[in-house]
Amino acid sequence: MAYNTLVVTTAQGVQTITFNRPKALNALNSELLNEFSQALEEVVSNEAVRVLVLTGTGGKAFVAGADINELARLDTLKAKVFIHRGLSVINKLAELPIPVIAAVNGFALGGGLEIAMACDFIYAAENASFGQPEIKLGIIPGYGGTQRLPRMIGPGAAKELLYTGKMISAEEARRLGIVNTVTAAGTLMDEVMACAREMASKGRVALRAIKQTVNQGLSVDLASGLRMETDAFALCFASADAKEGTAAFLEKRKADFKGGLTD
Ligand code: CAA
């Protein structure tokens, strides 16, 4: 499907969704959020897509946040509807059953950082910058920034970013634990794609089980998390991938994971 505000490409099991409003630094307006929601539905229903990569067009921005033109028109009731709509898209992203990498190629501010944090992990170009600048607009983050950022980097570091609205560099974001890897700007997509293809070659059922167990386990106590892991471990043995992976090891060959269930 063709979009106005997104570019979608797929190769070797990896789909890339590129946010594409370069004149507004890829800010999230309603059209972009609607199209992103539609694109995520298509990812879920397309078994050929094993890993998703998100990035921004134009070399300057990943996403510079919610569209401030739309924010400026809100009152309290409209703000609630507005944020519910956007948050439902971010939740859909966070709950995708496949791994998602944010390839942050420039500004990841406000809703942009919130999208990146809803991915499984972040690679960043050395020129990227990160922040939750909502305080400078007299508001607060609405797509998860007050919740995901403290869980990611601890409450003290998160509050400093949230209270000041300051921007930090890719290297500082890596030091804080927001970013896994910082690359030269010219090699970001090559490094992200190498990582994505590596994951795409793994078993779909096991990838999904790891994602669900890690994400759900983070909000429960250790004993409950370990019980979830036990159940997910056992369920993996309903997959053809578990048979293939163990057989391939014993036969000293490379596993060929198809992603299906055993008959
Ligand atoms: N919404 C709408 N338009 C935006 C935008 C945004 N978030 N960010 C940038 N733009 C537009 C600018 O208005 C400008 O448009 P014009 O050329 O038509 O004037 C264009 O993008 C280029 O931006 P700048 O000229 O400002 O570029 P710069 O390099 O001087 O500055 C910047 C870049 C520091 C990112 C600056 O644009 C900026 O501060 N943007 C706003 C960032 C922000 O506050 N984001 C949070 C939004 S609130 C939010 O996200 C709430 C939430 O949690 C849901």
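Residues numbered from 1 in each chain as written. Predicted model: local features only at pLDDT ≥ 70, side-chain atom pairs only at ≥ 80, totals over all residues. Heavy atoms only, no water.

Q: I'd like to hear about the sheet that holds strand β9 (residues 168–169), residue by residue, with values.
A: The four strands lie next to each other as β4-β6-β8-β9, forming an open sheet whose pairing is mixed. A single partner strand is all that each edge strand has here, and the edge strands are β4 (61–63) and β9. The strands touched by helix α4 (residues 111–118) within the sheet are β4, β6 (107–109) and β8 (129–131), with β6 carrying the most contacts at an inclination of about 90°. (Pairing = 2+ DSSP bridges. Helix = DSSP H or I, 4+ residues; strand = E, 2+ residues; numbered from the N terminus. Contact = heavy atoms within 4.5 Å. Axes fitted to C-alpha atoms, helices over the stretch in contact; angles between N-to-C directions.)

Q: Residues and numbers for the site of the ligand, please.
A: Neighbouring the ligand are 24 residues; Lys60, Ala66, Gly111, Glu114 and Glu134 lie closest to it. Between the ligand and the protein, one listed contact pairs an oxygen atom with a backbone N or O atom of Gly111 at 2.9 Å. A distance of 3.0 Å is found between an oxygen atom of the ligand and a backbone nitrogen or oxygen belonging to Gly142. Within the complex, 63% of the 980 Å² of free accessible area of the ligand lies under protein. Among the secondary structure elements, those contributing two or more residues to the shell around the ligand are α2 (68–71), β6 and α4. (Near = heavy atom within 4 Å. Polar contact = N/O pair within 3.5 Å; in protein donor to acceptor, adjacent residues only side chain to side chain. Areas by Shrake-Rupley, 256 points an atom, 1.4 Å probe, with all protein chains shown as cover.)

Q: Before we move on, could you go through the environment of Val43 and cite the residues and values that matter?
A: Considering the arrangement of structural elements, one finds Val43 in helix α1 (residues 30–45). As for Val43 and Lys254, which are separated by 211 residues in sequence, their C-alpha atoms are 27 Å apart. Not counting residues within four places of it along the chain, the set of residues in contact with Val43 comprises Gln15, Ile17, Val49, Leu52, Leu96 and Ile98.

Q: Describe the domain arrangement of the chain, with residues and values.
A: Accessible area lost when the parts come together is the quantity often used to give the size of an interface. Its domain assignment divides the chain into domain 1 (6–200) and domain 2 (204–250). Counting residues at the interface gives 13 residues for domain 1 and five residues for domain 2. Summing both partners gives a buried area of about 690 Å² for domain 1 against domain 2, and 45% of it is carried by carbon and sulfur. For domain 1, the biggest contributors to the area lost against domain 2 are Arg50, Pro97 and Asp120; these three give 48% of the whole. Taking the shortest distance from any N to any O, the salt bridge between Lys211 and Asp120 comes out at 2.8 Å. Where domain 1 meets domain 2, there are four residue pairs in polar contact (both at pLDDT 80 or more). Of the residues assigned to the side of domain 1 that touches domain 2, the class counts are ten nonpolar, no polar and three charged. (Domains from an automatic or database assignment. Buried area = accessible area lost by both parts, 1.4 Å probe. Salt bridge = Lys/Arg side-chain N within 4 Å of Asp/Glu carboxyl O. Nonpolar A, V, L, I, M, F, W, Y, C, P; charged D, E, K, R; others polar.)

Q: Give a description of the pairing of strand β1 (residues 6–11) that names residues and reports values.
A: Pairing analysis gives six bridges linking β1 to strand β2 (residues 14–19), with the strands arranged antiparallel. The residue bridging Leu6 from the neighbouring strand is Phe19, located in β2. Connecting β1 to the antiparallel partner β2 that follows it, the hairpin turn spans two residues, and Gln12 within it adopts a positive phi of roughly 55°.

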